[in-house]
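Summary of the model geometry
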Amino acid sequence: MTSTPSRTPSGTEAPAVALISALQSLSRAQREAAARIAHELDWPRSGVTVLHLLARCGPVSLTDIAAHLRVDLSVASRQVSTLADAGYVVRTIDADDRRIRTVELTEAGRALAAEAAEQYTNMIDRAFAAWSPEDLAEATRVLDRLVDTISADTAHRRSPQDQQEFA
């Protein structure tokens with residue numbers, strides 16, 4: 001089933017539809033860049049994303065990993081299990097609430113996360129070498145606004161059960 005893009009009365013693509021198309025292209029480009037880095041590290045892209053999250057945030061619960069990555073808990077669990085089996089993360093029981101299992105990086109996980117971060121930084125430096133700090137700040141501001149707008153609409157459309165899950 002093919003959908004027809006939303007058109008203005010003049011027959012041109014509606015600006016919001018064009019924006020979403022551009023965001024989809026951006027998303028694909030980001031996934032391709034992340035896949036290249038993961039390939040160079042000989043590790044699945046999803047695992048590198050979890051390592052990056054843990055390096056940035058420290059030990060977190062599996063539920064928090066799933067929420068941050070915006071994936072189902074079972075998906076996050078599989079990603080963490082793969083990392084644990086390889087020795088990059090460990091699961092521990094939360095000292096304050098023994099029902100919660102936290103996930104944290106091992107030394108090997110910190111080393112892999114640091115290597116991935118270095119490759120990512122090098123790629124970003126190359127890609128944005130011609131951009132001024134002001135251009136980067138403006139792009140960040142606009143993208144943050146887009147995320148907030150789309151996330152607000154998505155949250156509005158979630159079922160009441162899903163809304164409680166992310167509260």
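Keep in mind the model is a prediction, meaning the values are calculated, not measured. (Residues numbered from 1 in each chain as written. Predicted model: local features only at pLDDT ≥ 70, side-chain atom pairs only at ≥ 80, totals over all residues. Heavy atoms only, no water.)

1. Let's talk about the overall build of the protein chain
Counting its secondary structure elements, the protein chain contains seven helices and three strands. Order of helices (α) and strands (β) in the protein chain, N terminus to C terminus: α-α-β-α-α-β-β-α-α-α. Residue burial in the protein chain is summarised as follows: out of 167 residues, 23% are buried. Of all intrachain contacts in the protein chain linking residues separated by at least 6 positions in sequence, the fraction that spans at least 24 positions is 42%. Working note: accessible area of the protein chain is about 11800 Å², and carbon and sulfur atoms make up 55% of it. (Helix = DSSP H or I, 4+ residues; strand = E, 2+ residues; numbered from the N terminus. Buried < 20%, exposed > 50% of the residue type's maximum accessible area, 1.4 Å probe, protein only. Contact = heavy atoms within 4.5 Å. Areas by Shrake-Rupley, 256 points an atom, 1.4 Å probe, with all protein chains shown as cover.)

2. Here we look at the packing of helix α2 (residues 45–57) against helix α4 (residues 73–85)
Relative to each other, α2 and α4 sit at 85°, their axes nearing to 9 Å. The orientation of α2 relative to α4 falls into the category roughly perpendicular. On the side of α2, the interface is formed by Ser46, Gly47, Val50 and Leu51, while α4 contributes Gln79, Val80 and Leu83. (Axes fitted to C-alpha atoms, helices over the stretch in contact; angles between N-to-C directions. Parallel < 35°, antiparallel > 145°, perpendicular 65-115°, else oblique.)

3. Section: the nonpolar core
Counting residues in each nonpolar core, the largest one holds 25 residues, and the members touching the most others are Leu51, Leu54, Ile65 and Val89. Going through the elements one at a time, α1 (15–41), α2, α3 (62–69), α4, β3 (101–105) and α5 (107–127) are the ones with two or more residues in this core. Counting residues per element, this core draws most heavily on α2, which supplies five residues. In contact with Ile65, other than residues within four places in its own chain, are Val50, Leu53, Leu54, Val60, Ala76, Val80 and Val103. (Core = buried A, V, L, I, M, F, W, Y, C linked by side-chain atoms within 4.5 Å.)

4. Notes on the confidence of the model for the protein chain
Predicted confidence across the protein chain gives a mean pLDDT of 85, with 85% of residues reaching 70 or more. Considering each helix and strand of the protein chain separately, the mean pLDDT is smallest for helix α7 (residues 160–165), with a value of 45, and largest for α4, with 94. In the predicted structure, residues 159–167 sits below a pLDDT of 50 and forms five contacts with residues beyond four places in sequence or in another chain. (pLDDT = per-residue confidence, 0-100.)

5. Digging into the sheet that holds strand β1 (residues 60–61)
Pairing within the open sheet is antiparallel, and its three strands lie in the order β1-β3-β2. Both outer strands of the open sheet, β1 and β2 (89–93), are each paired with one neighbouring strand and no more. Alignment of β2 against β3, held across five bridges, turns out to be antiparallel. By the bridge assignment, Ile93 is partnered in β3 with Arg101. (Pairing = 2+ DSSP bridges.)

6. Quick notes on the packing of aromatic side chains
This model, assessed by the stated rule, comprises two aromatic pairs. Pairing Trp43 with Tyr88 gives two aromatic rings, centres 5.0 Å apart and planes at 80°, and the pair type is edge-to-face. Here Trp43 is found in the loop between α1 and α2, whereas its partner Tyr88 is found in the loop between α4 and β2, with 45 residues between them in sequence. Each member of the pair, Trp43 together with Tyr88, is buried. (Phe/Tyr/Trp six-rings, centres within 6.5 Å; stacked < 30°, edge-to-face > 60°.)

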